[in-house]
Every structure is written in C-alpha cells, then in structure tokens.
Amino acid sequence: GAPVTVSVTFVETVYSVTFTETGLPSGSSWAVAIGNVAEYTTGSTITYSEPNGSYSYAIYAPSGYTASPSSGTVVVHGASVTVTITLTANGSGAGGPESTLSSTDASAVARASPSADGMQGPRRI
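Numbers given for residues are sequential positions, taken from 1 along each chain in its written order. In keeping with the model being predicted, local features are shown solely for residues with a pLDDT of at least 70 and side-chain atom pairs are shown and tallied solely at 80 or more, while totals for entire chains, interfaces and linings include all residues. The basis for the side-chain values is all heavy atoms of the structure; hydrogens and waters are excluded.

### As for the overall build of the chain
Point 1. Elements are defined by DSSP. Helices are runs of H or I of four residues or more, strands are runs of E of two residues or more, and each kind is numbered from the N terminus. A count of helices and strands for the chain gives 1 helix and 9 strands.
Point 2. What you see in the chain, going N to C, is helices and strands ordered as β-β-β-β-β-β-β-β-α-β.
Point 3. Contacts are assigned to residue pairs that have any heavy atoms within 4.5 Å of one another. For the chain, long-range pairs separated by at least 24 residues make up 61% of all intrachain contacts whose partners lie at least 6 apart in sequence.

Following this line, the structure appears as structure tokens:
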C-alpha cells in the first residue's frame, strides 16, 4: 500500500515540587531557588512544576532564622514531591510577622531590588 503519515504529539509531563515551611510567623517572607528561578512568598508553601529529573535547590530564610535543610537536591520520578523546610529562630534578632529576607539574601537570589510587597512572586536570578 501507499505510505501513511501519522502525526504524534509528545507532551512533557510535569509534577508538583512543593516546599512547605514550618516555624515562621505568619506574614514572614522566605524563598526557594531551583536552578535560576527563585520563588518568594509570605505563605507556607512554594510550588514548582517540573518534569522528571534531579533539581538542586537553596532556601533563603528571613533575617534571624536558619533553614533546615538550607539546600539539597529533590528528585522527581513520576510523582509529585514535597520537601518540608523547618525555619528556626536564631534567638535575638529573629523578627516577627514583618520579617523579610535581608537585602544581601535578596540580592543573591533575585539580583533585583525587593519590591514594596515583600518580594512576592517569581523572579529570575
């Protein structure tokens, strides 16, 4: 018979990679960077959509707090993944609800000036 043309469409499947923080007062900003994309929030979760693979991440805590883990690798293999981040006050200097990322951390992550709203939303490094 005659040749047949078959169209095939490939769709990359992505999965949720969710970072959930515990330990910060409500309204405090924190950030996660995967590759060259940083996400900031004053909420308790940050979610990326990623295909299968291994992804290095870094956590940026507000002044006066330490993140554990502060960095690592998350592996996506056919399912969504959740990483729990514990933010612990360093003692004196830990801020209240107004805690924000320090200007040094913000520059390191975003390479941009913080916005008036506490650096909401995604920014590219």
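### Description of the side chain of T18
Point 1. Here T18 shows up in strand 1 (residues 15-22).
Point 2. Beyond its immediate chain neighbours, meaning those up to four positions away, T18 contacts T45, I46, T47, V81, T82 and V83.

### Observations concerning the nonpolar core
Point 1. In plain words, nonpolar cores are sets of buried Ala, Val, Leu, Ile, Met, Phe, Trp, Tyr and Cys residues tied together by side-chain atoms within 4.5 Å. For each residue, the accessible area found with a 1.4 Å probe, counting protein chains only, is set against the maximum for its type, and the residue is called buried under 20%, exposed over 50%, and partly exposed in between. In terms of nonpolar packing, the biggest core is built from 21 residues, with F19, V32, I34, Y57, I59 and I85 touching the most fellow members.
Point 2. For this core, the elements supplying multiple residues, two or more each, are strand 1, strand 2 (30-34), strand 4 (45-50), strand 5 (53-60), strand 6 (65-68), strand 7 (71-76) and strand 8 (81-89).
Point 3. Tallying contributions element by element places strand 8 first for this core, with 4 residues.
Point 4. When neighbours within four sequence positions are excluded, I85 is seen to be in contact with F19, T20, E21, T22, Y57, I59, A67, S68 and P69.

### A few points about the packing of aromatic side chains
Point 1. Stacked, tilted and edge-to-face pairs are distinguished by plane angle, under 30 degrees for stacked and over 60 for edge-to-face with tilted covering the rest, among Phe, Tyr and Trp rings (Trp via its six-membered ring) whose centres lie within 6.5 Å. Counted according to the given criterion, the structure contains 2 aromatic pairs.
Point 2. Residues F19 and Y48 carry aromatic rings whose centres are separated by 6.2 Å and whose planes lie at 80 degrees to one another, so their mutual orientation is edge-to-face. Separated by 29 residues along the polypeptide, F19 in strand 1 and Y48 in strand 4 bring together distant segments of the chain.
Point 3. What links up through ring pairs into an aromatic cluster is the set F19, Y48 and Y57.

### Side note on the side chain of E50
Point 1. Structurally, E50 can be placed in strand 4.
Point 2. With residues near it in sequence (within four places) discarded, E50 still touches T13, V14, Y15, V17, I34, Y55 and V76.

### Side note on unusual backbone geometry
Point 1. For the bond from S68 to P69, the omega torsion is -5 degrees, close enough to zero to count as cis.
Point 2. As for its position among the elements, P69 is in the loop between strand 6 and strand 7.

### Quick notes on the confidence of the model for the chain
Detailed reading of the predicted coordinates is not advisable wherever pLDDT falls low.
Point 1. When pLDDT is averaged across the chain, the result is 81; 73% of the residues are at 70 or more.
Point 2. In the model, residues 106-125 has pLDDT below 50 throughout and makes 39 contacts with residues more than four positions away in sequence or in other chains. Values of pLDDT, which run from 0 to 100, indicate the predictor's confidence residue by residue.

### A few points about the pairing of strand 2
Point 1. Among the 5 residues of strand 2, 5 are classified as buried, and the element is accordingly described as predominantly covered.
Point 2. Hairpin remark: strand 2 followed by strand 3 (residues 37-41), antiparallel, with 2 residues in the connecting loop; positive phi at G35, about 60 degrees.
Point 3. Here strand 2 pairs with strand 5 via 4 bridges, running antiparallel. Within strand 5, the position partnered with I34 by the bridge is Y57. We treat two strands as partners when DSSP finds at least two bridges between them.

### Describing a nonpolar patch on the surface
Point 1. Candidate patch residues must exceed 30% relative accessible area and have no salt bridge, after which like charges are joined if within 9 Å and Val, Leu, Ile, Met, Phe, Trp or Tyr side chains if within 5 Å. Note that accessible areas follow from Shrake-Rupley with a 1.4 Å probe, and for residues the cover is restricted to the protein chains shown. Within this document, salt bridges are pairs made up of a side-chain nitrogen of Lys or Arg and a carboxyl oxygen of Asp or Glu, the two lying within 4 Å of each other. A cluster of nonpolar side chains, contributed by V4, V6, V8 and F10, occupies part of the molecular surface with about 510 Å² of accessible area.
Point 2. The class of F10 is exposed, set by a relative accessible area of 76%.

### Examining the sheet that holds strand 1
Point 1. Taking strand neighbours across the sheet as the criterion, the 4 strands line up as 4-1-8-6 in an open arrangement whose pairing is mixed. Every interior strand has two partners, whereas the edge strands, strand 4 and strand 6, have only one. Neighbouring strand axes in the sheet, compared pairwise and without regard to direction, differ in orientation by 20 degrees on average.
Point 2. Pairing of strand 1 with strand 8 involves 6 bridges; the strand directions are parallel. Bridging across to strand 8, V17 finds its partner in V81. A fitted line through C-alpha atoms represents every axis, and for helices the fit uses only the stretch in contact; the resulting angles, taken between N-to-C directions, go from 0 to 180 degrees.

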